[in-house]
Amino acid sequence: MRIIEIREASIPISRYADPAIASGGLTTSIVAVVPDVLRSGRPVIDWGYAQLDASPKAD
């Protein structure tokens, strides 16, 4: 198996469903890895994302 393509996108996220409320600049990244493997004629795509934990850490 060889990696053919890696796609990355950074998207804004918000804790609120209403897009009018500011998100505070929070973003997350989504990554898609496309190998040379085909199933039913279509490439197998593996997805990953970076989870953000905006809660304060206890010392």
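It should be emphasised that the depicted structure is a prediction, and the values quoted were computed from it without experimental measurement.

Each value, and the rule that gives it
Residues numbered from 1 in each chain as written. Predicted model: local features only at pLDDT ≥ 70, side-chain atom pairs only at ≥ 80, totals over all residues. Heavy atoms only, no water. Buried < 20%, exposed > 50% of the residue type's maximum accessible area, 1.4 Å probe, protein only. Helix = DSSP H or I, 4+ residues; strand = E, 2+ residues; numbered from the N terminus. Pairing = 2+ DSSP bridges. Salt bridge = Lys/Arg side-chain N within 4 Å of Asp/Glu carboxyl O.

Draft legend 1. Layout of the pairing of strand β1 (residues 3-12). Counting buried positions over the 10 residues of β1 gives 0, only a small fraction of the element. Bridging between β1 and strand β2 (residues 27-35) involves 9 bridges; their strand directions are antiparallel. Across the sheet, residue S10 finds its bridge partner in β2, namely S29.

Draft legend 2. Spatial organisation of the pattern of salt bridges. Scanning the entire structure with this criterion turns up 1 salt bridge. Note that R7 and E5 form a salt bridge whose closest N and O atoms lie 3.1 Å from each other. The exposure class assigned to R7 is partly exposed, which follows from its relative accessible area of 41%. Take E5: its relative accessible area is 36%, and that puts it in the partly exposed class.

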